[in-house]
Number of protein chains: 4
Amino acid sequence: MSSEFGNNIKISIFGESHGAAVGVVINGLPGGEAIDLDEHFAFMKRRQGGNNPFSTPRQEEDIPVFLSGIKDGYTTGTPICAIIENKNVRRRDYNLDIPRPGHADYTAYKKYGGFADLSGGGHSSGRLTAPLCIAGGIMVQVLRRRGINLCTHIYSIGNVTDIPMDYMNPNSWSSYELAPDFPVIDQSAKEKMQDEIIAAKAVKDSVGGVVECGISGVPIGIGDPIFDGIENRIAAAVFGIGAVKGIEFGIGFEAAKLRGSSVNDPFIFKGGEVVTESNNHGGILGGISSGMPIIFRTAFKPTASISMPQRSVSLSEMKGATLEIKGRHDPCIAVRGTVCVESAAAIAIADMII
Amino acid sequence: MSSEFGNNIKISIFGESHGAAVGVVINGLPGGEAIDLDEHFAFMKRRQGGNNPFSTPRQEEDIPVFLSGIKDGYTTGTPICAIIENKNVRRRDYNLDIPRPGHADYTAYKKYGGFADLSGGGHSSGRLTAPLCIAGGIMVQVLRRRGINLCTHIYSIGNVTDIPMDYMNPNSWSSYELAPDFPVIDQSAKEKMQDEIIAAKAVKDSVGGVVECGISGVPIGIGDPIFDGIENRIAAAVFGIGAVKGIEFGIGFEAAKLRGSSVNDPFIFKGGEVVTESNNHGGILGGISSGMPIIFRTAFKPTASISMPQRSVSLSEMKGATLEIKGRHDPCIAVRGTVCVESAAAIAIADMII
Amino acid sequence: MSSEFGNNIKISIFGESHGAAVGVVINGLPGGEAIDLDEHFAFMKRRQGGNNPFSTPRQEEDIPVFLSGIKDGYTTGTPICAIIENKNVRRRDYNLDIPRPGHADYTAYKKYGGFADLSGGGHSSGRLTAPLCIAGGIMVQVLRRRGINLCTHIYSIGNVTDIPMDYMNPNSWSSYELAPDFPVIDQSAKEKMQDEIIAAKAVKDSVGGVVECGISGVPIGIGDPIFDGIENRIAAAVFGIGAVKGIEFGIGFEAAKLRGSSVNDPFIFKGGEVVTESNNHGGILGGISSGMPIIFRTAFKPTASISMPQRSVSLSEMKGATLEIKGRHDPCIAVRGTVCVESAAAIAIADMII
Amino acid sequence: MSSEFGNNIKISIFGESHGAAVGVVINGLPGGEAIDLDEHFAFMKRRQGGNNPFSTPRQEEDIPVFLSGIKDGYTTGTPICAIIENKNVRRRDYNLDIPRPGHADYTAYKKYGGFADLSGGGHSSGRLTAPLCIAGGIMVQVLRRRGINLCTHIYSIGNVTDIPMDYMNPNSWSSYELAPDFPVIDQSAKEKMQDEIIAAKAVKDSVGGVVECGISGVPIGIGDPIFDGIENRIAAAVFGIGAVKGIEFGIGFEAAKLRGSSVNDPFIFKGGEVVTESNNHGGILGGISSGMPIIFRTAFKPTASISMPQRSVSLSEMKGATLEIKGRHDPCIAVRGTVCVESAAAIAIADMII
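Residues numbered from 1 in each chain as written. Chains lettered and ligands numbered in written order. Predicted model: local features only at pLDDT ≥ 70, side-chain atom pairs only at ≥ 80, totals over all residues. Heavy atoms only, no water.

Each helix and strand in chain A was counted, giving seven helices and 18 strands. Against the globule reference of 20 Å for 354 residues, chain A gives a C-alpha radius of gyration of 21 Å, in line with a compact fold. Once the C-alpha set of chain A is aligned to its principal axes, its extents read approximately 70 × 50 × 35 Å. Per-residue burial over chain A gives 67% buried out of 354 residues. Across chain A, contacts joining residues at least 24 apart in sequence account for 72% of those joining residues at least 6 apart. Computing the positive centroid from 33 side-chain charges and the negative centroid from 38, chain A places the two 7 Å apart. (Helix = DSSP H or I, 4+ residues; strand = E, 2+ residues; numbered from the N terminus. Rg over C-alpha atoms; globule rule 2.2 N^0.38 Å. Buried < 20%, exposed > 50% of the residue type's maximum accessible area, 1.4 Å probe, protein only. Contact = heavy atoms within 4.5 Å. Lys, Arg positive; Asp, Glu negative; His and termini not counted. Charge placed at Lys NZ, Arg CZ, Asp CG, Glu CD.)

What follows is the structure in structure tokens.
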């Protein structure tokens, strides 16, 4: 029914790519949460285009303006609203008569009866991840204060794969040299990934990727069985990012190939605590946190907007047509997807914890 | 917060594995929906154990008793409640002092402060998929009346893989010879899958699998952007099934390895309609149905309850302990998982359509 | 969309007056809440008919059967389901062709397209207050453990009025001699009220009344501004009781006749705490609890089902018809309404506090 | 948990009285709803202060800026966000150390731990009815297109009472000469009401009032039994207006004094339709619309902010203190309350119908 997420903390996202502004209302955060706006701005920077050849050349300052709910650096306890004005809008880049393959142009057109503001993807645009990250950047700070930290890296681009995160020892995560705009653990993989992207871009194409996210410090016992487990909630949030086509927790799809004796993580005592000896379950058993790091991976399809000519249809002429997209687009959205995944996960976890 | 799903049609599941009954309340179905109880019973049969060597020997009649909301074979429009009494309960099978690896015993114990009725897995037991299927079986009938059909098969067991469904032509689905209790398209794969299961069982082990589900006839324009897209909603429902660790739509994780030019599905006119030439997107673009069949795959980990001795801990003695599970369990829950996945998908789609 | 209430604690009511059972699912209570079933049964007794000339002669044992969520006298933390079987059903008492004035027969008939099980009022029957009270009786115990107590009395029947509760000093409430089946503070008013009811009944008529409810011990700061204030939430729950046509908090409608200088309650220090010198605001300022007792009154219309001949229409013959209701009905539902109001209030408060 | 309302159409209100802006997000309206912005502005004008001696002298232009969801005069189908900047802010008017009696200053202070932006009442200010009216003004247009019209007048101020609306024949409503800024049916009552207000204001006091609202054209069968009936939903919305202390439907509290034979509205055939001969039930039976006009009255307490000296406490000095409020306030908020009540009702009805 809505562009809204959450039970305890409600996130309501609004705006169109080429409208006056995009923004978010955040409802349910208690009063007195310190929000460091400099840190928040650095977080927002991670999703911003235009910084490198791997992202969109659309230059947006993307500085959120807080209209309510934050005063003197602290949450007031009442709803937060933050907006980002859309300044750098080039409506002429879009030809709405010929829907872009792989994008929501056609489905949104049919859904809203032709009234939707579809320019630039409208409400379905990747630009709507900006308000997602506004909320995510706040939640990351709120969670860290409660001992919960998130770490996100590019797991793969095309067929190039990074080292997986350490599933057992989150203390090691801080040793990863993750560049904010291209976070990879294995620096040799990083170069190969960038080559993949450049090669795709060179032929006016795009390439997909997988993002891996780890969450440490979630206390045992969070999440509810059946429909409100951690997997359900994170999945429901993460599919809120356009271009995500799959999600898996712990060893995920790999588990489907294995036997129980290999997948089950034995319980052991360690330092007086019950922990598991391995973490194939990704920190979630029966929807409930086990105290082990939560680990999940998200599959991003290649950016749907590619510059090479594509076959589509002209809706006005009711015949086949060739589309050449002239807009400004990332050749690999998985790169900027990292901070979006982290935001979605932070929102989902905060909703369950606060 | 709860074992509940849905915006328009609310599904509320209750019960513990070894309690008096499990059941479901379904809220929001309009009056006058014909419900064929014989067909419903056949649907329930698909998840029932004890029929073959691939399922649990726990024999339950599992006949739902409708307490409200259905009269003379039609929904009344007011809440439906159906329960299944738990008759064949063997509490002694469970040793709650030693939590079963891979199961929610320990996380639920910590969550509920020791008050949960954890015998047999309690509210986290696979038995709670029975009320899920009660609701699912009703929704399948409700959807079919609206031209929407679901088809589900075992996509893989261990390393044995079935033929994928036809992503383009759902009319062909009816030609699959899908046995209700072991639905596989390629009959030669079926035998190999069963061998995998028997081999695992022979060594007191279990094996994982992947379930593929197709949904035809969903009209274009269903689903909302951002957090209430079809992917979000199906994922939120499907992770309600224990042992599910991953989900992917269309070509899913495969898309992350490819280029946009291979993944984008061109739009074409066919019979006066705009359709896509291929269906890598799995019937969903920007969270909204495209009119093409919706396709998704779900990864089931191997049954956590295996009979071979496993390392765990004794919570009372606070030291390591060996666990030998004597309960009655499926060697491969993905088999019975098919009807659960179909139920979850039907519930999610019905919630968005009605 | 649904017969459901609550954000944190969800109450889902199901059943029809003459169906197999009525019941309730309660979702969200933590594990470990002691529930005294004897006390709960005594609470349920308060709404039960057949005890005195002021209530319905329909004799129901109304003993809830708990199917899940309570074990050994404690909540398990997972959903509670309780049902009451409908044993004493006399469907022939109802003539559905001629809708009863003042009842939901006709509106429900139109809403559900003729499929609703309307016998005895179906899902709109006063019988559905039984599951409301099952939930209410649990919440009353849960709240008392947190220092919150509810007190409810008949404020008026027809034109006979009881003494109002003490709005300032809830400790005095325990001194009221409130009979469970006819709770009135002023015993002389009690007799006059009973005379009113007997007089109405003698002429096959019914009479209305007002119920007053006080809630003590709600800590300051509960409730949220705008749509989730205490008034909004209690009102939303209390209108869940059939026959309720009005609600007012503190001095309510009286305040509309007065000046601010008379209505505003001055703040004072008392025992080191900020309290108000009077309690015209009924314990709620800006939707948020002030720490003073919460006070509200609920208007019950007279029982719609009266035995005297009434003018209505025959739906089959499409002409005027005279209706003589032969069912078993209370001459004044406000009497049994007291425990229903208390239940609704307890549910609303528990939802905001837990 | 939140400043949000609605199931199908979600209204999320944000902002503080003296913050950067107040605003609203509206989620769930279909695309293609024409919104006449001139008419909308005229609607907003009805709640605006400063037009007459009966309202606040705080002059605000209160022109909503639409950031999303409306394009070329039509809804796009995606979330609408509208904001009103706070320009005329005089923070020095407020002394937060001495909480104003009858206002949320103290309860909000305790709730939010001192972090709330309480200047001018903060998020609890009457100024937050501006975004309520933004949403209400849109819904009024959306409903009229569906044949549903709302009519609201001042029913009483102090002890001066207007003629009640015609409960049976909504066509007559258009003949009422209702001034937008002081809507009264009986022009002689109007003058007396204004005298009441002027008299109260002259002694630095305020006065309460009752607002009556009628809704015509709601088709039979809207609303759900138990917790989602029309009464529950309208009440939950209307208590979102500060200063509302009571609500009653149809003849409301009067019904509690009467007998069933007087209150029950007989069914009759009229023009081939089943209607009721009178409308004591206010258009709602069992929570469901009967097709008759929906009628309800809302009690407003006198404006809490009065200029005469009041007793309160100094929170810093922990002793009694005298408060003299210097802000700009209405002497009778029921006057501007009319458009707020109409907005809340329109929101509630739209949520149930669309």
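Moving on to the sheet that holds strand S4 (residues 65-68) of chain A. Residues and elements named next belong to chain A. Judged by pairing direction, the sheet is antiparallel, and its five strands sit side by side in the order S1-S2-S3-S7-S4 without closing on themselves. Each edge of the sheet is formed by a strand with only one pairing partner; in this case those strands are strand S1 (4-5) and S4. By the bridge criterion, three bridges tie S4 to strand S7 (residues 80-85) in an arrangement that is antiparallel. By the bridge assignment for S7, Val 65 is matched with Ile 83. (Pairing = 2+ DSSP bridges.)

On to the sheet that holds strand S7 (residues 80-85) of chain C. Residue and element names in this part refer to chain C. Strands sit in the order S1-S2-S3-S7-S4 across an open sheet of five strands; the sheet is antiparallel. Each edge of the open sheet is held by one strand with a lone partner, namely strand S1 (4-5) and strand S4 (65-68). Pairing between strand S2 (residues 10-15) and strand S3 (residues 21-27): six bridges, direction antiparallel. For Gly 15, the partnering residue across the bridge sits in S3 and is Val 22. Packing of helix H3 (residues 129-144) onto the sheet brings it into contact with S2, S3, S4 and S7, and relative to S3 it is tilted by some 35°. (Axes fitted to C-alpha atoms, helices over the stretch in contact; angles between N-to-C directions.)

A word on the interface of chain A and chain B. At the interface, 103 residues of chain A touch 104 residues of chain B. Per-residue buried area on chain A facing chain B is highest for Phe 227, Lys 245 and Phe 267 of chain A; these three make up 11% of the total on that side. Where chain A touches chain B, the interface holds six salt bridges. Put simply, Asp 224 of chain A and Lys 111 of chain B hold a salt bridge, and the shortest N to O gap is 3.9 Å. Remark: the boundary between chain A and chain B carries 35 residue pairs in polar contact (both at pLDDT 80 or more). It is strand S11 (residues 244-249) of chain A that provides the largest number of residues to the side of chain A that touches chain B, a total of six residues. The residue inventory of the side of chain A that touches chain B, partitioned by class, reads 51 nonpolar, 33 polar and 19 charged. Bridge count between S11 of chain A and strand S11 (residues 244-249) of chain B: three bridges; the pairing is antiparallel. What sits directly across from Glu 248 of chain A, in S11 of chain B, is Gly 246 of chain B. (Buried area = accessible area lost by both parts, 1.4 Å probe. Salt bridge = Lys/Arg side-chain N within 4 Å of Asp/Glu carboxyl O. Polar contact = N/O pair within 3.5 Å; in protein donor to acceptor, adjacent residues only side chain to side chain. Nonpolar A, V, L, I, M, F, W, Y, C, P; charged D, E, K, R; others polar.)

It is worth spelling out the pairing of strand S10 (residues 209-216) of chain C at this point. Residues and elements named next belong to chain C. By the criterion of burial, S10 is predominantly enclosed, with eight of the eight residues buried. The side-chain alternation of S10 yields two buried faces, one formed by Gly 209, Val 211, Cys 213 and Ile 215 and the other by Val 210, Glu 212, Gly 214 and Ser 216. In the sheet, strand S8 (residues 149-157) pairs with S10 via eight bridges, with the strands oriented antiparallel. From the neighbouring strand, His 153 faces S10, where its bridge partner is Glu 212. In the sheet, S10 pairs with strand S16 (residues 294-300) via seven bridges, with the strands oriented antiparallel. Among the inter-strand pairings, Glu 212 is bridged to a residue of S16, identified as Arg 297.

Residue and element names in this part refer to chain B. End to end, helix H4 (residues 187-202) covers 23 Å across 16 residues, agreeing with the expected 22 Å (1.5 Å per residue, within 8%). Residues of H4 that are buried make contact with strand S8 (149-157), strand S9 (160-161) and helix H7 (333-353). Just past H4, the residue Lys 204 takes up positive phi, approximately 60°. (Expected span 1.5 Å × (residues − 1).)

This brings us to the relation of the copies chain B and chain C. When chain B is fitted to chain C, the best match, at an RMSD of 0.0 Å, comes from turning it 180° and sliding it 0.0 Å along the axis. In short, the pair behaves as if placed about a two-fold rotation axis. Here 100% of the interface residues in chain B have copies in chain C that are interface residues too; the copies meet face to matching face. (Least-squares fit on C-alpha atoms with pLDDT ≥ 70 in both.)

Here we take up the relation of the copies chain A and chain B. Relating the two copies of this chain is a rotation about some axis coupled with a shift parallel to it. With an axial shift of 0.0 Å and an RMSD of 0.0 Å, the rotation relating chain A to chain B amounts to 180°. In this assembly, 100% of the residues forming the interface of chain A have copies in chain B that are likewise at the interface, indicating an isologous arrangement.

Here the focus is the environment of Pro 183 of chain C. Residues and elements named next belong to chain C. Mapped onto the elements, Pro 183 comes out in the loop between strand S9 (160-161) and helix H4 (187-202). Counting along the chain gives 17 residues from Pro 183 to Ala 200, while the straight-line C-alpha distance between them is 20 Å. Discounting residues that sit within four places of it in the chain, Pro 183 has contacts with Thr 152, His 153, Ile 154, Leu 178 and Thr 338.

Opposite the 37 residues of chain B that make contact, chain C presents 38 residues. Here chain B meets chain C over a buried area of about 2900 Å², counting both sides, of which 62% is carbon and sulfur. In this assembly, chain B and chain C are joined by two salt bridges. Asp 117 of chain C serves as the salt-bridge partner of Lys 71 of chain B, at 4.0 Å between the closest nitrogen and oxygen. Scanning the region where chain B abuts chain C turns up eight residue pairs in polar contact (both at pLDDT 80 or more). Of all the elements in the fold, those that place two or more residues in the side of chain B that touches chain C are strand S2 (10-15), strand S3 (21-27), strand S4 (65-68), strand S6 (74-75) and strand S7 (80-85) of chain B.

A separate point is the side chain of Arg 47 of chain D. Position of Arg 47 of chain D relative to the elements: it lies in the loop between helix H1 (37-45) and strand S4 (65-68). Separated by 3.0 Å, the side chains of Arg 47 of chain D and Asp 62 of chain D make a polar contact.

Enumeration according to the criterion identifies 26 aromatic pairs over all chains in this entry. Here the aromatic rings of Phe 239 of chain C and Phe 249 of chain D are separated by 5.3 Å at their centres, their planes lie at 90°, and the arrangement is edge-to-face. Of the two residues, Phe 239 of chain C is situated in the loop between helix H5 (230-238) and strand S11 (244-249) and Phe 249 of chain D in strand S11 (residues 244-249); the pairing between them involves two chains. Take Phe 239 of chain C and Phe 249 of chain D: they sit in the same class, and that class is buried. When the ring centre of Tyr 112 of chain A is taken as reference, the NZ or CZ atom of Lys 111 of chain A above it lies at 5.9 Å. (Phe/Tyr/Trp six-rings, centres within 6.5 Å; stacked < 30°, edge-to-face > 60°. Lys NZ or Arg CZ within 6 Å of the ring centre and 35° of its normal.)

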